[in-house]
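Each chain is listed here by its residues.
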Amino acid sequence: MAVNTDKNSYTILFAIAMVLVVGSLLAFTASSLKPTITENERMEKQQNILYAMGVNENEGTSREFISTDKVAGEFSKYIKKQLIVDANGNTTEDDKAYLIDVKKEQAKAKNGGTRRLPLFVGDKDGKTFYIAPIRGKGLWDAIWAYVALDKDMVVQGVFFDHKGETPGLGANINQRFFMDDFTGERLLNASGTFKGIAVAKGNNDPKNLIKDDHEVDALAGATITGDGVSAMIKSDLKLYLPYFKTLE
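The sections below set out a description of the structure shown in this document. Because the structure is a prediction, the values reported are computed rather than measured.

1. Considering the overall build of the protein chain
- Per the secondary structure count, the protein chain includes six helices and eight strands.
- Taking 18 Å as the expected radius of gyration for a compact globule of 248 residues, we find that the protein chain reaches 23 Å, considerably beyond that expectation.
- C-alpha extents for the protein chain along the principal axes are approximately 90 × 45 × 40 Å.
- Counting only residues that meet the buried cut, the protein chain has 40% of its 248 residues in that class.
- Partitioning the contacts of the protein chain with sequence separation of at least 6, the portion at a separation of at least 24 is 55%.
- Only carbon and sulfur atoms are counted for the fraction: they give 55% of the accessible area of the protein chain, which is about 13800 Å².
- Charge separation in the protein chain, taken as the distance between the mean sites of 31 positive and 33 negative side-chain charges, equals 4 Å.

2. Considerations on the environment of Val-147
- Counting through the fold element by element, Val-147 comes out in strand S5 (residues 142–149).
- When the C-alpha atoms of Val-147 and Thr-183 are compared, they prove to be 9.6 Å apart, with 36 residues separating the residues in sequence.

3. Section: the layout of surface pockets
- Estimates place the volume of the largest pocket at around 530 Å³.
- Around the largest pocket sit 22 residues that line it, and Lys-45, Asp-101, Arg-135, Trp-144 and Tyr-146 are the ones nearest its centre.
- Counting only elements with at least two residues in the lining of the largest pocket, the list comes to helix H1 (8–52), helix H3 (102–110), strand S3 (117–124), strand S4 (127–137) and S5.
- Among the elements that take part in the lining of the largest pocket, H1 stands out by supplying five residues, more than any other.
- In the lining of the largest pocket, the residues fall into 13 nonpolar, one polar and eight charged.

4. Remarks on the sheet that holds strand S6 (residues 155–162)
- Overall, antiparallel pairing links the six strands, which are arranged S2-S1-S3-S4-S5-S6 in an open sheet. Only two strands of the sheet have a single partner each, and these edge strands are strand S2 (91–93) and S6. Sheet twist, expressed as the mean angle between neighbouring strand axes with direction ignored, is 25°.
- Sheet topology note: the S5/S6 ladder contains seven bridges and is antiparallel.

5. Observations concerning the side chain of Asn-48
- Within the secondary structure, Asn-48 sits in helix H1.
- Setting aside residues no more than four positions away along its own chain, Asn-48 makes contact with Phe-65, Tyr-146 and Phe-159.

6. Looking at the nonpolar core
- Core analysis: the biggest nonpolar cluster contains 38 residues, and Phe-160, Phe-182, Ile-233 and Leu-237 have the highest contact counts within it.
- Looking at this core, the elements with two or more residues in it are strand S1 (79–85), S3, S4, S5, S6, helix H4 (176–179), helix H5 (223–237) and helix H6 (241–245).
- Ignoring any residue separated from it by four or fewer positions in sequence, one finds Phe-160 in contact with Trp-144, Ala-145, Ile-173, Asn-174, Phe-178, Met-179, Phe-182, Val-229, Met-232 and Ile-233.
- If you look at the next biggest cluster of nonpolar residues, it comprises 20 residues, including Ile-49, Tyr-78, Ile-84 and Phe-120.

7. Notes on the environment of Asp-181
- Considering the arrangement of structural elements, one finds Asp-181 in the loop between H4 and strand S7 (198–200).
- Relative accessible area serves as the criterion here: at 18%, Asp-181 is assigned to the buried category.
- Expressed as a C-alpha distance, the spacing of Asp-181 and Gly-157, which sit 24 residues apart in the sequence, is 9.0 Å.
- Apart from the residues within four sequence positions on either side, Asp-181 is in contact with Asn-208, Lys-211 and Val-216.

8. Topic: the packing of aromatic side chains
- This model, assessed by the stated rule, comprises 10 aromatic pairs.
- Measuring from ring centre to ring centre gives 5.6 Å for Tyr-51 and Phe-159, while their planes differ by 65°; the resulting arrangement is edge-to-face. Linking Tyr-51 in helix H1 with Phe-159 in strand S6, this pair joins segments that are 108 residues apart in sequence.
- Classification of Tyr-51 by relative accessible area gives buried; the value is 5%.
- Taking 5.2 Å as the distance between ring centres and 75° as the angle between the ring planes, the aromatic pair formed by Phe-178 and Phe-182 counts as edge-to-face.
- For Phe-178, a relative accessible area of 2% gives the class buried.
- Pairwise contacts between aromatic rings join Tyr-51, Phe-65 and Phe-159 into one cluster.

9. Quick look at helix H2 (residues 71–78)
- Regarding H2, the residues found buried are Val-71, Phe-75 and Tyr-78. Axial view of H2: buried residues confined to an arc of 85°, hence all on one face.

Reading the values: rules and limits
- Residues numbered from 1 in each chain as written.
- Predicted model: local features only at pLDDT ≥ 70, side-chain atom pairs only at ≥ 80, totals over all residues.
- Heavy atoms only, no water.
- Helix = DSSP H or I, 4+ residues; strand = E, 2+ residues; numbered from the N terminus.
- Rg over C-alpha atoms; globule rule 2.2 N^0.38 Å.
- Buried < 20%, exposed > 50% of the residue type's maximum accessible area, 1.4 Å probe, protein only.
- Contact = heavy atoms within 4.5 Å.
- Areas by Shrake-Rupley, 256 points an atom, 1.4 Å probe, with all protein chains shown as cover.
- Lys, Arg positive; Asp, Glu negative; His and termini not counted.
- Charge placed at Lys NZ, Arg CZ, Asp CG, Glu CD.
- 1 Å grid on protein atoms, 1.4 Å probe; cavity = no way out; pocket = protein on both sides within 12 Å on 5 of 7 lines; lining within 4 Å.
- Points joined across faces, edges and corners; volume = space filled by probe spheres on them.
- Nonpolar A, V, L, I, M, F, W, Y, C, P; charged D, E, K, R; others polar.
- Pairing = 2+ DSSP bridges.
- Axes fitted to C-alpha atoms, helices over the stretch in contact; angles between N-to-C directions.
- Core = buried A, V, L, I, M, F, W, Y, C linked by side-chain atoms within 4.5 Å.
- Phe/Tyr/Trp six-rings, centres within 6.5 Å; stacked < 30°, edge-to-face > 60°.
- Arc of directions from axis to C-beta.

As structure tokens, this is what we get:
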């Protein structure tokens, strides 16, 4: 018997069948790709952490990460501890701390939950680095960073990135000429009070030679992105102050 394809019931059943088929295919594809996606996320986070502490393949003014075929070995070599820090500066070791989603932890804190703060303790050339992941809001979307500090909360290196800042303007937060300015900047003033670092248009030190002014020179045409970087540093890195007090 011929099927009447003009009936509404046929159209509805056909649409339902297509949704089920396409949905099943998408679910299968997502499931099969999940290990690859997870592995790529691991490598990217480890590259970012290592970059901040100066383990990279930079040449001249270029910005180059440790290659993906070497990153796991280099991460194991240089990162000695992965910690989860609480609001009082207490820590627990967790070798999967790099997988903590900072965005989800921020949302948890906003809803009254307890935020976990991942911190990575690295050693390079006999020097100890404390690398903290932070996250904030730029002009258009999320911005984030990995900031390497010494025990006095002096910046030893950074890596910034973004989801959708304007090319040639705010997107330049991940360029070396901007990131390198942060090295040597102090988060604490002389009395030990947390001050942060401001990305300042009115900065009177365009070559960034003064390291105790809590300022770096702003990016041209990227005021809101720069303000987001300043706010991100101040709000997120301040949370680690109780831990650094335990190092004194």
